[in-house]
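Chains, contacts and geometry: an overview
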Amino acid sequence: MVDEKNVVDLISDVENEMSKIVVGQKEIIHGILRAIICNGHVLVEGVPGVAKTLIVRSMAKVMGCDMKRIQFTVDLLPTDITGIMSYTPKKGFEVMKGPVFTNFILADEINRSPPKTQSALLEAMQEKEVTIARQTYPLPDPFFVMATENPLETSGVYELPEAQIDRFLFKLLIDYPKSHEEKAVLKQNTTINKFDSYKLNAILNQKKILELQEMVKTIFASDAIENYIIKIVAETRKKDGEYAKYVSYGGSPRASIALYIASKAEALMHGRNYVTPEDVNIVAYPVLRHRIILNYEAEAEGITTDRIIKHIMNKISAP
């Protein structure tokens, strides 16, 4: 049985185990852990070769869960994700479940497939169930999706519709490693060493993850914290102000809910049973950066959502 006192130790053990194979990227690992505890999903943006696949593969192993990878391509069909009803002579009709029936999904380069295929996964993320030949099948618990997108290429990619991208709890940005980290990568990588040679241990299991997800719901958030969250999201929708002219749409009520649950998870990961303004400040960036929709003027002037979020956080007084 997990309790608040040993959550910090559990999180530390997971992060230490991950460090056996993943060099650096501590903020990304912390963010993915936070999303799993929130029972949410993550969209990760980063150039090729910065360990996106390795992180989720290692995380699944350390969390004691099964993991499958789906490589999104232009010819990928929705049934390639969910599964089909197949007829076999002498056996008859049988359901062939797709790769979505697992605990951890790596949706690699999700923006390489058309919206119809993207929707097959995004519906599964939201409903936690899949319909095959008019029969509905529940997905395993826990169910976590980490989708990646490559920001470098524009040819042969389909932008994620805003209504669909909103289903991701966080958007995380993976940057290049620091010089000393990259030096360590030269010796500690899966090109030279096999994945199994790192002997990662399962620190958690499915039962413990579900317990943590329930614990998040019990973390206390005061009226002042709730008002702080509402003010932050409301500020993203304002039509006047220094950066308002760059914003087409601000955060929806789902953004408020995401800030609320994510700040609770951040508090739990630090061993507290109550939310502080600092918890809200930390999660504001990954929660809001894909929910603030910028216009072409912002793109032309190099204005980013992170810059707007920073302006908002400086403007709104913490309780």
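All of these numbers come straight from a predicted model, not from anything done at the bench. (Residues numbered from 1 in each chain as written. Predicted model: local features only at pLDDT ≥ 70, side-chain atom pairs only at ≥ 80, totals over all residues. Heavy atoms only, no water.)

**Here we look at the nonpolar core**
Note on soluble globular proteins: their nonpolar side chains tend to be buried together. Ranked by size, the top nonpolar core spans 75 residues in total, and within it Ile32, Met59, Met63, Phe104, Phe144, Ile232 and Leu259 carry the most contacts. Among the nonpolar cores identified, the runner-up in size contains 25 residues, and Leu76, Val100, Ala124 and Met125 belong to it. (Core = buried A, V, L, I, M, F, W, Y, C linked by side-chain atoms within 4.5 Å. Buried < 20%, exposed > 50% of the residue type's maximum accessible area, 1.4 Å probe, protein only.)

**Describing helix 13 (residues 305-315)**
Those residues of helix 13 that sit buried are Thr305, Ile308, Ile309, Ile312 and Met313. Taken end-on, helix 13 shows its buried residues confined to a sector of 135 degrees, consistent with a single buried face. Turned more than 90 degrees away from the buried face of helix 13 sit Lys310 and Asn314, all of them exposed. Tucked into the core, helix 13 has its buried residues touching helix 9 (223-236), strand 10 (247-249), helix 11 (277-288) and strand 11 (293-294). (Helix = DSSP H or I, 4+ residues; strand = E, 2+ residues; numbered from the N terminus. Arc of directions from axis to C-beta. Contact = heavy atoms within 4.5 Å.)

**Digging into the pairing of strand 7 (residues 135-138)**
Note that strand 6 (residues 129-132) and strand 7 share four bridges and pair antiparallel. Bridge pairing links Glu129 to Pro138 in strand 7. Hairpin connection of strand 6 to strand 7: two residues between the antiparallel strands, including Ala133 at a positive phi of 55 degrees. (Pairing = 2+ DSSP bridges.)

**Observations concerning the pattern of salt bridges**
Evaluated as defined, the whole model comprises 13 salt bridges. For Asp108, the salt bridge is made with Arg69, and the minimal N-O distance between the two is 2.6 Å. On the criterion of sequence distance, the pair formed by Asp108 in strand 5 (residues 104-108) and Arg69 in strand 2 (residues 67-71) is long-range, its members being 39 residues apart. Of the residues examined, Asp108 reaches a relative accessible area of 7% and is grouped as buried. (Salt bridge = Lys/Arg side-chain N within 4 Å of Asp/Glu carboxyl O.)

**Remarks on the side chain of Glu17**
The residue Glu17 is located in helix 1 (residues 4-18) in this model. Judged by relative accessible area, Glu17 falls into the buried class, the value being 8%. Side-chain polar atoms of Glu17 contact the backbone nitrogen of Asn201, separated by 2.8 Å. Other than its neighbours up to four places away in sequence, Glu17 contacts Val62, Lys199, Leu200, Asn201 and Ile203. (Polar contact = N/O pair within 3.5 Å; in protein donor to acceptor, adjacent residues only side chain to side chain.)

**Comments concerning the environment of Asn111**
Examined against the element boundaries, Asn111 turns out to sit in the loop between strand 5 and helix 5 (115-127). By relative accessible area, Asn111 is classed as buried at 8%. For Asn111 and Phe72, which are 39 residues apart along the polypeptide, the C-alpha to C-alpha distance reads 7.5 Å. Excluding residues within four positions of it along the chain, Asn111 makes contact with Gln118, Thr148, Glu149, Asn150, Val157 and Tyr158.

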